[in-house]
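What the coordinates show
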Amino acid sequence: MSTTSQDFIRKLRESGYVNLTPIQRLAIPKVLSGTHLLIIAPTGHGKTEAAIIPIMYNIYMKRPKKISALYLTPLRALNRDIQYRLDKLGQSFQIKVSTRHGDSTRKERRDLLQDPPDLLISTPETLLYLLVDKRVRELLTGVRWVVIDEVQEMLDEKRGYELSVMLQRLRLIARNPQMIGLSATLGDVELAKTFLSTEGEVEVVKIEGIKSSQIIIEIPSYNEELVNEAVKHRLDPSLMSRLKRLKEIIEENRPVLIFTNTRETAEFLASELTTLYGLKVASHHGSLSREVRVKIEREFKEAKLDALVATSSLELGIDIGSINLVVQYMSPRQVLRLLQRVGRSGHSIEKTSRGIILPGNSLFDVLECQAIYEASKRGYIEPVIYEMNPLDVVAHEVVGMVLEGITSLDEILDIFRKSPFFRSLSLEDLKEVVEQLEAEKILVAKEGKLRLGRRSWRYYFTTNMIPDSNRSYIVVEVETGMKLGNLDNQFVTGLEEDSIFVLGGRLWKVISIEEGKVFVSRAEPKKGILPSWFGESIPVEKEISMMVYSYLSEMMDGKREGVQEVSEKIKEHVRRNYPKLGPNKIVVELVGSDLVVVHSPFGSRGNNTLGTLLSAVLGSGKGLRPTFRSDPYHVVIASVSSLSLEDIEFAIKSLREMDERYATSVLSETLKETPQFKWALFTEAQRFGAVEKGADIKLTQHVLRTFSDTVVGKEAVKELLSKHHDLSVLEALRQMDWEVVRVPSPSPLAQEFLDKLMVSSTSEDKPLILEVFKRRMLSKEILLACLICGWNQRLKVEDTPQRCPKCGSIFLTATYPEDKEALQVIRKNISGEKLRRNEAKRLSELKRVASLFSNYGRTALVAFVVRGVGPSNLGRLLSFLSQGEDVFYRELMEEEKKFLRYRKFWQ
């Protein structure tokens, strides 16, 4: 062994690497051999160092041209963590490590060119820009090693598909560098291998099994004392029991990392645990700014927090210090996510990962948690669902290649086909994409050659494949002015005026959607119309759903015990003689003549497919297509026109005879009429450069028609089909036993899902709404003025005097608080000055308000301050008082709704 080599080993040991982990002992010789490599090991096994130590050894020994190594991570937060670790290691060997991402300062970008690092850490999105920068591209010619972290995150996302093409572009520049992929739990090893290299052999080094872990499921119970506490805090007792158990877990195990699936739940838990129990708990999710996330991560690492409630934003291996325990609150929806999340505790090979799953109070959430836990013990991992030949990625990458100087269509097609996701890309599809880019003035095509258009650079630098759904809208109740919560951009895009949706356990109707706000009013269920709701964005696969239905079958037969929250509903279902459920059977309940509930074990994508096809067939002869909603265990269909058992039997027969080609055409056409298509179309219009990135566009029917039949619409449909549908259920439908029954009311297990969808707004709280509305108007500020003496004062409506405090006149008028022009007109009139025409008109309006005030008193001003009410319609609205106060205030609320709905047309 050479002196230099011995020197490296000595410095490595001084840096703390005395004993190598099992994966490092396996991987390091393979990296040194130069083979393309996929390294698979659970979190905490030192995969990063398994790749980097031999790379640094080669750099230390040979001092190749800079930049010689590239390390790509999917998250900027991982960049920070990895730079800290690798920079510390690199300093031992005088190896420079730098980071380049979207937040890099101008100085950092300049330093990259003037003093390049040996090892550059970056993200896929930043690599987009590096590849088209001539000066950086020259540096990239020396790249000999490319490490891709968290490969599993890249296999089913468009940013991953694009990265696979960028790696082909990088290969042309750097002359085929060694590719090394790092992954924890992985659902498709063969796909990951072709992601790293479709031409060279990729070896796999893997530590079998998962890291030592202890996972338990807990379902808290509650007693009378806890019920009283829940009533005091206006919380459901089952929710209160879970909050109390979280408090106990945190106090016994701090610091604790709590995972949940949505931003709203994360914020709610953090808020309640802080407010109720005085714990130091913060929430962490992708919608927070980078600065806030970094601050929270630092506080957790420094043990300044008792617990941190996070979404998927902390699933990956960001170093946030020692975590004693992970809690999964409600179902993780996937085995892969459960293992990734629990693996964050005991973040080293010697420690045991400890996790507690705390299901929600829904029967299906409890059983789903059990199924996921048991599937994880069997070694099941969800399959990777990916899209072939995504054309929006083609559009962006074509422009990148032209910016690089690659202009031949044949050469561009050849580069694409070296990616596993584009192996079957046709020249016709490529030309169709180019035609769209030509229409948008992004590229110019002539005789098989491409050149830049006037929008090339702007399009390439402002577009990426990460969906922009972090923006949210505030939901405001029109009557009370109360903020009800937030809706994300994706959900709001699918809403229109009069749309009904579920939020906070109530039904709401959209009155108006404006900049950053959705104005709503209480709604009642409508026959044949199902409201929109927030289905989980993380899909549950049919394998898990089938397990849940197996549990249901066993419990109905008395062969399996269940906790009280589960068993009581199942016993009730059996006692009332509803059909037995199971994994090989589909039960259809026809409730009355307009509601159908299908119990189907096909998971999120399978049931979405079943619901789309079944509602399409049921509506084919009715003129109006029924609406449907689905979750992993049910499909609910509502129809405006009556449905019979014969209609359902015919639809089932049609489904069982339907071939995949025809089903795909039905799905494609039906998808274009869904709210989800609007969002997909808007996203694709941005990705193809037809709409500027970040534009706030209201997708009208005209805009939909413009894009829906182009390559933009084609890709929107293809993405929805790929992500949200599973055509393999067609064969399963033929093998299933079907039972169709007419029932007077939904079964207990059907009601589980209906409760999520059709929560009615009871009429008994309407008087309260009227009272809140009245109080809101009374608290508004006006400018009150006397037409006789000119006295004036800004004050709230509720503080309005009956007469002028100065002269005793009843002729008081009102206007908005800053209306100086009105005061000027009143003064001129009192002093006898001649008024101009517009001033005379203004005085007439002020006198009209004063006349109504003299007759109706303060009530006239309550009406006057309602948005949409003015001197011209004030008298008409006050006339409703003769029909009673309730009618009067309802009319005022309607007037405000009209104003909110139509003001955008006046502006």
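**Thoughts on unusual backbone geometry**
Omega for the peptide link from K66 to I67 comes to -5 degrees, which places this bond in the cis form. As for its placement among the helices and strands, I67 is situated in the loop between α3 (47–62) and β2 (69–72). Residues R254 and P255 are joined by a peptide bond in cis, for which omega reads 5 degrees. If you trace the backbone, P255 turns up in the loop between α11 (237–253) and β9 (256–259). A positive phi angle is found at N389, which is not glycine, with a value near 55 degrees. Taking relative accessible area as the criterion, N389 reaches 11% and is therefore assigned buried.

**Quick notes on the sheet that holds strand β26 (residues 781–786)**
Strand order in the open sheet formed by three strands is β27-β26-β28, and the pairing between neighbours is antiparallel. Unpaired on one side and paired on the other, β27 (792–796) and β28 (812–815) mark the two borders of the sheet. Across the sheet, the mean angle separating the axes of adjacent strands is 35 degrees when strand polarity is ignored. Where β26 meets β27, five bridges bridge the pair, whose relative direction is antiparallel.

**Observations concerning the pairing of strand β23 (residues 627–630)**
As paired strands, β23 and strand β24 (residues 634–638) are joined by four bridges and run antiparallel to one another. Pairing of T627 across the sheet is with A638, part of β24. In this structure, the hairpin formed by β23 and β24 is closed by a connection of three residues.

**Description of the sheet that holds strand β25 (residues 737–743)**
Read across the sheet, five strands follow the order β23-β24-β22-β21-β25 without closing on themselves; strand pairing throughout is mixed. Each end of this open sheet is capped by a strand with a single partner; those strands are β23 and β25. Sheet twist, expressed as the average angle between the axes of neighbouring strands with direction ignored, equals 15 degrees. Across seven bridges, strand β21 (residues 585–591) lies against β25 in parallel orientation. Residue pairing for β25: V587 is matched across the bridge by E739. Against the sheet, helix α23 (residues 603–619) makes contact with β22 (595–599), β23, β24 and β25, and its axis sits at roughly 25 degrees relative to β24, the strand it touches most.

About the cut-offs
- Residues numbered from 1 in each chain as written.
- Predicted model: local features only at pLDDT ≥ 70, side-chain atom pairs only at ≥ 80, totals over all residues.
- Heavy atoms only, no water.
- Helix = DSSP H or I, 4+ residues; strand = E, 2+ residues; numbered from the N terminus.
- Buried < 20%, exposed > 50% of the residue type's maximum accessible area, 1.4 Å probe, protein only.
- Pairing = 2+ DSSP bridges.
- Axes fitted to C-alpha atoms, helices over the stretch in contact; angles between N-to-C directions.
- Contact = heavy atoms within 4.5 Å.

These values are about where atoms sit, not about what they do.
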